[in-house]
Amino acid sequence: MKIVVPVKRVLDYNVKPRVKADGTGVDLANVKMSMNPFDEIAVEEAIRLKEKGAASEIVVVSVGPQKAQETLRTALAMGADRAILVQTDDVVEPLAVAKLLKAIVEAETPGLVLLGKQAIDDDSNQTGQMLAALTGRPQGTFASKVEVDGDFVNVTREVDGGLETVRLALPAIVTTDLRLNEPRYASLPNIMKAKSKKLETKSPADYGVDITPRLTVLKVTEPAQRSAGVKLADVDALVGKLKELGVGA
Amino acid sequence: MSILVWAEHDNAALKDATLGAVTAAGKLGEVHLLVAGSGVDGVAAQAAQVAGVAKVLVADDAAYGAALPENLAPLIVGLMSSYDAFLTPATTTGKNIAPRVAALLDVAQISDILSVEGPKTFTRPIYAGNAIATVESSDAKLVITARGTAFAKAEATGGSAAVEAVATTGDAGLSSFVGAELAKSERPELTSAKVIVSGGRALKDAETFAATILPLADKLGAAVGASRAAVDAGYVPNDYQVGQTGKIVAPEVYVAVGISGAIQHLAGMKDSKTIIAINKDEDAPIFQVADFGLVADLFSAVPELTGKL
Ligand SMILES: Cc1cc2nc3c(=O)[nH]c(=O)nc-3n(C[C@H](O)[C@H](O)[C@H](O)COP(=O)(O)OP(=O)(O)OC[C@H]3O[C@@H](n4cnc5c(N)ncnc54)[C@H](O)[C@@H]3O)c2cc1C
Ligand SMILES: Nc1ncnc2c1ncn2[C@@H]1O[C@H](COP(=O)(O)O)[C@@H](O)[C@H]1O
């Protein structure tokens, strides 16, 4: 079974995002970019499935600028087998990413597509569900456990009230939550080896997909800022404040 | 404009999240609620009483009992020929269903809206709420999820909507529900609690978390939350997590105990009315958003606080 893992290059999660003064977006010039953390978890899960013998090949895919090659190389260094970059400098919304991934899924016919549940830049939480819809396949979102079982996959999902498990017919689409695994670091020898792994570059037009955005961003602003309040001297002062607030009295 | 709103429920009772979604949809036009589930007459009767709902559509079928999106999407897509917009609360169920519907309608979904600015214009958080985007849709129909903390709850009673059964679409045969482990708690639910006490990594282990945080929460009548670090370390179950990737909360009072205040955590609680932080590090970032801060060792401060309340 082949596994496809879409990985997105995003602002590193340790960097505090700054809104540009002209209100057009978040400043991405000269800031550290990394693989979306949920996608690292997806790559890790694919590697573990391969190590267990449940998968034979891992293909990583990114849609984005040429620099997204670095993200793909990171995935290859972790243990993915080959990479596809759908190169574009344009804004690509989740629906368009899902359409591109659909075309790739049709060409690669994987048994499983593992995506992150959400990209930490747009916070959309859409692409996996959309890909499942477009390919007519079942979806296991927000996964904290993935077990391949013959022609099925059992997915334990993190839901508002706790956990739930669904059984999906393969091929299936799964999106990862934080507790699925802890991604490995790529070792130096593997980083070297990754340089010779195959990385194909394509364009959206190669797949015949129109990526014109449907949403216009009219402006991007900073949220209302909270300011630091007061430091209290001791527990008694805190008890007083809670009473003023009308709680715990 | 007519809007179809996904009613969140557990087949027995309507969930609170539905009420915020009704308010959000009401800003766009006429609201119809879809109650899809298994044996949901009671839920439909409750839904009909929600103020501001013009009609309730009931789709009763065993295939909808576990809210599997593979089975629900065909139903909703069929109904959408008569609606201009589909809206769900931004719960895990809503987030699971809405994008599947959007893709089938060839619509770009607008996730997690904070406000309605015009018939096709909305604000939504990006970058863990560190920026707010105003977006305008050019699609013929809209698919939206609405953030619960951003919209007041519609009144649960006072309405008298007509209830209408709709044709069901059955089981798509792609997925099945195996089981659930749902937390049972006497405490208020995190997303609707007035007071929340959250604990972080500093709480050491499950026993210490329980012994330290729960008595304080009891005194304050509070729900209990946690940072990701506390959840990952197994102090509490995953559904306690507050943050960018956990629950978004905005209680009257949020008490953060032994939590550093990473941006991913702040994303889930910085709209709380009053924030109180207890941390032994006076430079912890949580103090930059706290209205009241206490620099102290939590293992002495929290028991003392609990004792004095
Ligand atoms: C993609 C992604 C998504 C994430 N999503 C979330 C999310 O949704 N929610 C979330 O919370 N995190 C999330 N995180 C994790 C986040 O980045 C932080 O790692 C996490 O919030 C830290 O938890 P903490 O504050 O409990 O732990 P720490 O950062 O370790 O802080 C512990 C604090 O306790 C204090 N302390 C220690 N001992 C004592 C004592 N005796 N008395 C008083 N204070 C003490 C310390 O001074 C410190 O400030 C996410 C991370 C990533 C990468
Ligand atoms: N441009 C992209 N390239 C590759 N994968 C992507 C891209 N955008 C989104 N994805 C995948 O879809 C997941 C969810 O993204 P989103 O729907 O944007 O929150 C991510 O975690 C990735 O796995």
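Rules used throughout
- Residues numbered from 1 in each chain as written.
- Chains lettered and ligands numbered in written order.
- Predicted model: local features only at pLDDT ≥ 70, side-chain atom pairs only at ≥ 80, totals over all residues.
- Heavy atoms only, no water.
- UniProt positions renumbered as here; feature names shortened; annotations may be inferred.
- Helix = DSSP H or I, 4+ residues; strand = E, 2+ residues; numbered from the N terminus.
- Near = heavy atom within 4 Å.
- Polar contact = N/O pair within 3.5 Å; in protein donor to acceptor, adjacent residues only side chain to side chain.
- Areas by Shrake-Rupley, 256 points an atom, 1.4 Å probe, with all protein chains shown as cover.
- Nonpolar A, V, L, I, M, F, W, Y, C, P; charged D, E, K, R; others polar.
- Buried < 20%, exposed > 50% of the residue type's maximum accessible area, 1.4 Å probe, protein only.
- Contact = heavy atoms within 4.5 Å.
- Patch = residues over 30% accessible without salt bridge, like charges linked within 9 Å, V, L, I, M, F, W, Y side chains within 5 Å.
- Salt bridge = Lys/Arg side-chain N within 4 Å of Asp/Glu carboxyl O.
- Pairing = 2+ DSSP bridges.
- Axes fitted to C-alpha atoms, helices over the stretch in contact; angles between N-to-C directions.
- Buried area = accessible area lost by both parts, 1.4 Å probe.

### Regarding the UniProt feature "domain: Electron transfer flavoprotein alpha/beta-subunit N-terminal" (unreviewed entry) in chain A
- Taken from the UniProt record, the annotation "domain: Electron transfer flavoprotein alpha/beta-subunit N-terminal" (unreviewed entry) applies to residues 23–211 of chain A.
- Along residues 23–211 of chain A, the helical share is 30% and the strand share 31%, with 24 Å between the first and last C-alpha atoms.

### Points about the site of ligand 1
- In the vicinity of ligand 1 lie 30 residues, with Arg-201, Ser-227, Thr-245, Ser-260 and Asn-279 of chain B positioned nearest.
- Ligand 1 sits at the junction of chains A and B, each of which supplies nearby residues.
- Arg-228 of chain B is positioned such that a nitrogen or oxygen atom in its backbone is 2.9 Å from an oxygen atom of ligand 1.
- Note that an oxygen atom of ligand 1 is positioned 3.4 Å from one of the backbone N or O atoms of Gly-246 of chain B.
- Relative to its unbound accessible surface of 990 Å², ligand 1 loses 86% to contact with the protein.
- Sorting the residues of the shell around ligand 1 by element identifies α1 (37–51) of chain A together with α6 (228–232), α7 (263–269) and α8 (298–308) of chain B as the ones contributing at least two each.

### Some words on the site of ligand 2
All names here are of chain A.
- Taken together, 19 residues are adjacent to ligand 2, and Asp-39, Val-63, Ala-119, Asn-125 and Thr-127 come closest.
- Between an oxygen atom of ligand 2 and a side-chain N or O atom of Asp-39, the distance comes to 2.4 Å.
- Take Ser-124: an N or O atom from its main chain is 3.4 Å from an oxygen atom of ligand 2.
- Contact with the protein chains covers 98% of the free accessible surface of ligand 2, which is 480 Å².
- At the level of secondary structure, the elements contributing two or more residues to the shell around ligand 2 comprise β4 (57–64), α3 (94–108) and β6 (112–116).
- If you tally residues by element for the shell around ligand 2, the top one is β4, at three residues.
- Of the residues that constitute the shell around ligand 2, the class distribution is eight nonpolar, eight polar and three charged.

### A word on the UniProt feature "domain: Electron transfer flavoprotein alpha/beta-subunit N-terminal" (unreviewed entry) in chain B
- The UniProt record annotates "domain: Electron transfer flavoprotein alpha/beta-subunit N-terminal" (unreviewed entry) at residues 3–181 of chain B.
- As annotated, residues 3–181 of chain B comprises 25% helix and 35% strand, and the C-alpha atoms at either end are separated by 33 Å.

### Quick word on helix α1 (residues 17–26) of chain B
All names here are of chain B.
- Burial runs high along α1: eight of the ten residues are buried.
- All of the buried residues in α1 are Thr-18, Leu-19, Gly-20, Ala-21, Val-22, Thr-23, Ala-24 and Ala-25.
- Check the buried side of α1 and you find it contacts β1 (2–6), β2 (30–37), β3 (53–60), β4 (85–89), β6 (115–118) and β9 (142–146).

### Points about a nonpolar patch on the surface
Residue and element names in this part refer to chain A.
- On the surface, Leu-188, Ile-191 and Met-192 cluster together into a nonpolar patch covering about 300 Å² of accessible area.
- For Leu-188, the position within the fold is in helix α5 (residues 188–194).
- Judged by relative accessible area, which is 60%, Leu-188 ranks as exposed.

### Some thoughts on the sheet that holds strand β12 (residues 215–221) of chain A
- Pairing within the open sheet is antiparallel, and its four strands lie in the order β12(A)-β8(B)-β7(B)-β6(B). Looking at the sheet topology across the chains shown, the edges are occupied by β12 of chain A together with β6 of chain B. Averaged over all pairs of adjacent strands, the angle between their axes in this sheet comes to 35°, without regard to strand direction.
- Two elements, strand β7 (residues 121–126) of chain B and strand β8 (residues 131–137) of chain B, share six bridges in a ladder whose sense is antiparallel. The residue bridging Thr-121 of chain B from the neighbouring strand is Glu-136 of chain B, located in β8 of chain B.

### Quick word on the interface of chain A and chain B
- Between chain A and chain B, the contact holds 76 residues from the first and 83 residues from the second.
- Taken together, both faces of the contact between chain A and chain B bury some 6700 Å²; the carbon and sulfur share is 56%.
- If you sort the residues of chain A by the area they bury against chain B, Asp-160, Arg-214 and Arg-226 of chain A come out on top, with a joint share of 11%.
- On the surface where chain A and chain B come into contact, there are six salt bridges.
- The salt bridge involving Asp-106 of chain B is made with Arg-214 of chain A; its shortest N-O contact spans 3.0 Å.
- At the junction of chain A and chain B, the tally comes to 48 residue pairs in polar contact (both at pLDDT 80 or more).
- Counting only elements with at least two residues in the side of chain A that touches chain B, the list comes to α3, α4 (127–135), β7 (139–149), β8 (152–159), β9 (162–169), β12, β13 (230–231) and α6 (235–244) of chain A.
- With eight residues, the single largest contributor to the side of chain A that touches chain B is β9 of chain A.
- Residues that form the side of chain A that touches chain B fall into these classes: 38 nonpolar, 16 polar and 22 charged.
- The pairing of β9 of chain A with strand β11 (residues 175–182) of chain B spans seven bridges and is classified as antiparallel. Within β11 of chain B, the residue paired with Leu-168 of chain A across the bridge is Ser-175 of chain B.

### Regarding the sheet that holds strand β14 (residues 253–257) of chain B
- Strand order across the open sheet formed by six strands is β13(A)-β16(B)-β15(B)-β14(B)-β12(B)-β13(B), with parallel pairing between neighbours. Strands at the two margins of the open sheet, each flanked by one partner only, are β13 of chain A together with β13 (223–226) of chain B.
- In this structure, strand β12 (residues 195–199) of chain B lies alongside β13 of chain B, joined through four bridges in parallel fashion. The residue of β13 of chain B that forms the bridge with Ile-196 of chain B is Ala-223 of chain B.
- Where helix α5 (residues 206–220) of chain B meets the sheet, it contacts β12, β13 and β14 of chain B, and its direction lies at approximately 170° from that of β12 of chain B.

### A look at the environment of Leu-298 of chain B
Residues and elements named next belong to chain B.
- Within the element layout of this structure, Leu-298 appears in helix α8.
- Given the relative accessible area of 7%, Leu-298 is considered buried.
- Separated by 85 residues in the primary sequence, Leu-298 and Ile-213 place their C-alpha atoms 10.0 Å from one another.

### Thoughts on helix α3 (residues 69–79) of chain B
- Across the eleven residues of α3 of chain B, eight count as buried, placing the element largely inside the fold.
- Burial in α3 of chain B covers these residues: Pro-69, Glu-70, Asn-71, Leu-72, Ala-73, Leu-75, Ile-76 and Leu-79 of chain B.

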